[in-house]
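Descriptive analysis of the structure
Residues per chain are reported as follows:
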Amino acid sequence: MQKVKTLNPILIFQSFFNTEEKKRLFENFVSLSVLQGLNYLLPLVTFPYLVRVLGAEKFGLLAFATATIDYFRILTDYGFNLSATRGISIHREDKAKLNEIFSAVMIIKFGLLTISFLLLAAIVFSFEKFRVDWQIYILTFGMVVGQTFFPVWFFQGMERMKYITFLNILAKALFTIAIFIFVKEQTDFWKVPLLNSLGFILAGIISLYLIIKNFNTNVTFPSKHIILEQMKEGWHIFVSTVAISLYTISTPFILGLFTNNTIVGYYSAADKIIQAIKGLLGPFSQTIYPFINKKVVVSKEAGLKIIRKITICVAFFTFLLSISVFTFAQQVTFLVLGQSYIKSIIILKILAITPFLIGLSNVFGIQTMISFGRNRAFRNILIFASVINIILSLLLVPAFSYLGSAIAVVIVEFFVTTSMFIYLQTTGIKIVEFKDV
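Residue numbers here run from 1 along each chain, matching the order of that chain's written sequence. Thresholds applied to this predicted model are a pLDDT of at least 70 for local features of residues and 80 or more for the giving and counting of side-chain atom pairs; totals over whole chains, interfaces and linings are not thresholded and use all residues. In computing side-chain properties, one takes all heavy atoms of the structure into account and sets aside hydrogens as well as water.

1. Considerations on the overall build of the protein
Filter applied, for reference: Secondary structure elements are taken from DSSP: a helix is a run of H or I of four residues or more, a strand is a run of E of two residues or more, and numbering for both begins at the N terminus. With a 1.4 Å probe rolled over the protein chains alone, any residue whose accessible area is under 20% of its type maximum counts as buried; one over 50% counts as exposed, and the rest are partly exposed. The Shrake-Rupley method, run with a 1.4 Å probe sphere, supplies the accessible areas, and residue values consider only the shown protein chains as cover.
Looking only at helices and strands, the protein has 20 helices and 2 strands in total. In the protein, buried positions account for 54% of the 437 residues. In the form shown here, the protein has an accessible surface area of approximately 19900 Å², with 69% of it arising from carbon and sulfur atoms.

2. A look at a nonpolar patch on the surface
Selection rule: Note that patches include only residues with greater than 30% relative accessible area and no salt bridge, and the join distances are 9 Å for like charges and 5 Å for nonpolar side chains (Val, Leu, Ile, Met, Phe, Trp, Tyr). A pair is scored as a salt bridge if a Lys or Arg side-chain nitrogen falls within 4 Å of a carboxyl oxygen belonging to Asp or Glu.
Residues Leu257, Phe258, Ile390 and Leu394 make up a contiguous nonpolar surface patch of about 350 Å² in total accessible area. Listing elements by their share of the nonpolar patch, those giving two or more residues are helix H12 (250–258) and helix H19 (375–400). In this structure, Leu394 sits in helix H19. Assessed through its relative accessible area of 47%, Leu394 is described here as partly exposed.

3. With respect to the packing of H12 against H19
Helix-helix packing: each pair is described by the crossing angle between the helix axes and the interaxial distance. Operational definition: Each axis is a line fitted through C-alpha atoms, and for a helix only the stretch in contact is used; angles between axes span 0 to 180 degrees, taken between their N-to-C directions. The cut-offs work like this: below 35 degrees is roughly parallel, past 145 is roughly antiparallel, 65 to 115 is roughly perpendicular, and the gaps in between are oblique. Each crossing is labelled by how the near helix is turned from the far one, with a counterclockwise turn of less than a right angle marking it left-handed and a clockwise turn marking it right-handed. Two residues qualify as a contact provided that any one of their heavy atoms is within 4.5 Å of a heavy atom in the partner residue. Just so you know the grouping, Ala, Val, Leu, Ile, Met, Phe, Trp, Tyr, Cys and Pro go in nonpolar, Asp, Glu, Lys and Arg go in charged, and all remaining residues, Gly too, go in polar.
The interhelical angle for the contact between H12 and H19, taken along N-to-C directions, is 50°, at an axis separation of 10 Å. By the angle between their axes, H12 is oblique relative to H19. In this structure, H12 meets H19 at a crossing whose hand is right-handed. Contact with H12, carried on its side by Ile254, Leu255 and Phe258, involves Ser393, Leu394, Val397 and Pro398 of H19 and no other residues of that element. Its residues assigned to classes, the contact of H12 with H19 shows 6 nonpolar, 1 polar and no charged.

4. With respect to unusual backbone geometry
We note that Tyr78 has phi near 50°; this positive angle belongs to a residue other than glycine. By the element assignment, Tyr78 lies in the loop between helix H2 (20–77) and helix H3 (80–90). Among the residues examined, Tyr78 registers a relative accessible area of 6% and is labelled buried. Located in the positive-phi region is Ser401, a residue other than glycine, with phi close to 55°. Its location among the elements puts Ser401 in the loop between H19 and helix H20 (402–426).

5. Notes on the environment of Gly265
Secondary-structure assignment places Gly265 in helix H13 (residues 261–278). For Gly265, a relative accessible area of 0% gives the class buried. The spatial distance from the C-alpha of Gly265 to the C-alpha of Tyr341 is 8.9 Å, given a sequence separation of 76 residues. With residues near it in sequence (within four places) discarded, Gly265 still touches Ala56, Phe59, Gly60 and Tyr341.

6. So, the packing of helix H17 (residues 344–351) against H20
Viewed as axis vectors pointing N to C, H17 and H20 meet at an angle of 10°, and their least axial separation amounts to 9 Å. With respect to each other, H17 and H20 are oriented roughly parallel. Each of Ile346, Ile347, Ile350 and Leu351 in H17 lies in contact with H20, whose residues at this interface are Tyr402, Leu403, Ala406, Ile407, Val409 and Val410. Split by residue class, the contact of H17 with H20 holds 10 nonpolar, no polar and no charged.

7. Topic: the pattern of salt bridges
As enumerated under the stated definition, the model contains 6 salt bridges in all. Arg73 is the partner of Asp70 in a salt bridge, and the nearest nitrogen-oxygen pair spans 3.2 Å. Of this pair, Asp70 and Arg73 both sit in helix H2, 3 residues apart, which is roughly one turn of that helix. Note on Arg73: relative accessible area 18%, which makes it buried. Lys109 is the partner of Asp77 in a salt bridge, and the nearest nitrogen-oxygen pair spans 3.5 Å. Residue Asp77 is located in helix H2, and its partner Lys109 is located in helix H4 (residues 95–124); the two are separated by 32 residues in the primary sequence. Judged by relative accessible area, which is 16%, Asp77 ranks as buried. The class of Lys109 is buried, set by a relative accessible area of 1%.

8. Digging into the environment of Thr327
Rules: Counted as a polar contact is a pair of N or O atoms within 3.5 Å, where, for protein atoms, one must be capable of donating a hydrogen and the other of accepting one, and residues adjacent in sequence contribute only when both atoms are in side chains.
Here Thr327 shows up in helix H15 (residues 300–327). Within the local environment of Thr327, its side chain forms a polar contact with the backbone oxygen of Ile323, the two atoms lying 2.8 Å apart.

9. Quick notes on the side chain of Thr311
As for its position among the elements, Thr311 is in helix H15. Within the local environment of Thr311, its side chain forms a polar contact with the backbone oxygen of Ile307, the two atoms lying 2.8 Å apart. Apart from the residues lying within four places of it in its own chain, the contact partners of Thr311 are Leu360, Val363, Phe364 and Ile431.

10. Some thoughts on the confidence of the model for the protein
Applied cut-off: The predictor rates its confidence in each residue with pLDDT, a number between 0 and 100.
Averaged over all residues, the pLDDT of the protein is 84; the fraction at 70 or higher stands at 87%. Least confident of the elements in the protein is strand S1 (residues 2–4), whose mean pLDDT is 49; most confident is H17, at 96.

11. Quick word on the nonpolar core
Cut-off, in case you're wondering: What we call a nonpolar core is a set of buried Ala, Val, Leu, Ile, Met, Phe, Trp, Tyr and Cys residues that are connected through their side-chain atoms within 4.5 Å.
Counting 34 residues, the largest nonpolar core has Ile310, Phe364, Met369, Phe378 and Met420 as its most contacted members. Those elements giving two or more residues to this core turn out to be helix H11 (224–245), helix H14 (282–298), H15, helix H18 (354–370), H19 and H20. The element that contributes the greatest number of residues to this core is H19, accounting for 7 residues. With residues near it in sequence (within four places) discarded, Phe378 still touches Ser240, Gly365, Ile366, Met369, Ile370 and Met420. Core analysis: the next-biggest nonpolar cluster, separate from the first, contains 32 residues, Leu112, Trp153, Ala171 and Phe215 among them.

Right, here's the structure in full:
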């Protein structure tokens, strides 16, 4: 007979304070969490205002444009938010290597930015659905420019996440103030992507200044070998990220192709609430990723022991979040969106389980599989998930509209989480230990 090895939650939390390194990690996490709380509060201030002023149709148009532009954000990221973070984390004491990684990644990203804009222009002016609102897509593309300027991966690798959060808060604070000043009626909808893009670009420029000033790092011209090495490092994660997008950001995109902006508006409004809730996990994930990488390099068993403790904490916290969202879906919808978004209630109820599933899949996938070098398996699971999502969307969206999109997302997230868990358990990286009695 077998039983699951149990751990005392109180002892788990106490273990995070038993060394100076862990104390610094916890202080970093608390600092980031407080700042990140403001980072998520500011968009929540404008969100209820925008859904009411713009209405479901214009809000849906902006959501569809954002989903389209997100593909180019993924292209310019190219997996560097994980691969370059790991490189910076490992070589943080080597100034020459830091400068080498920083330069190579930034050069690649600017090249991908140029390709992205040319692709966007070709798409927008070739298809009527995009051409009729071409200004919105061009203005929204400013987020890609700002994100290219903003080397999140560098700050994460150096474990200086306070810079990331401070700059994001700056961008969102300016955006929040500007929204209430300049967006007064539905016809002002085009100002939303303009103001959002300007905030992203300003934050990106300031971040580059801080890196050059505080870390003595600058863009040089590395060899072709170094550039190819960084592209190779990010390739598997890039493919995995593309696969993820086929069942995350592709959902409103596919929905928009089959339906209209109003339907996309109902779905995207509910999804925005879910995204804000999932964002609560952001500080924890960002803080723990470079820490786990360092531990795994020294000792895989030590890294796995920490991951097991993290799994219990994340599972408990996200389960409470999911139950709360499902129970109070109607109240949250009316409070945040207004009664005109009554159709979003059922969408929110269906999606309520996703914070729990995604919290676990983040631990299984990003924190464990990537840290242990199982990039190929990680990528393959996400590719299978993306194929499943496309098939389900093609079957369910024409028949059930926005409900089909929500159901497809839940099925795919369940597949991803269980597949990663089974893979880890059967390949010797046991998240849950069993012992004979």
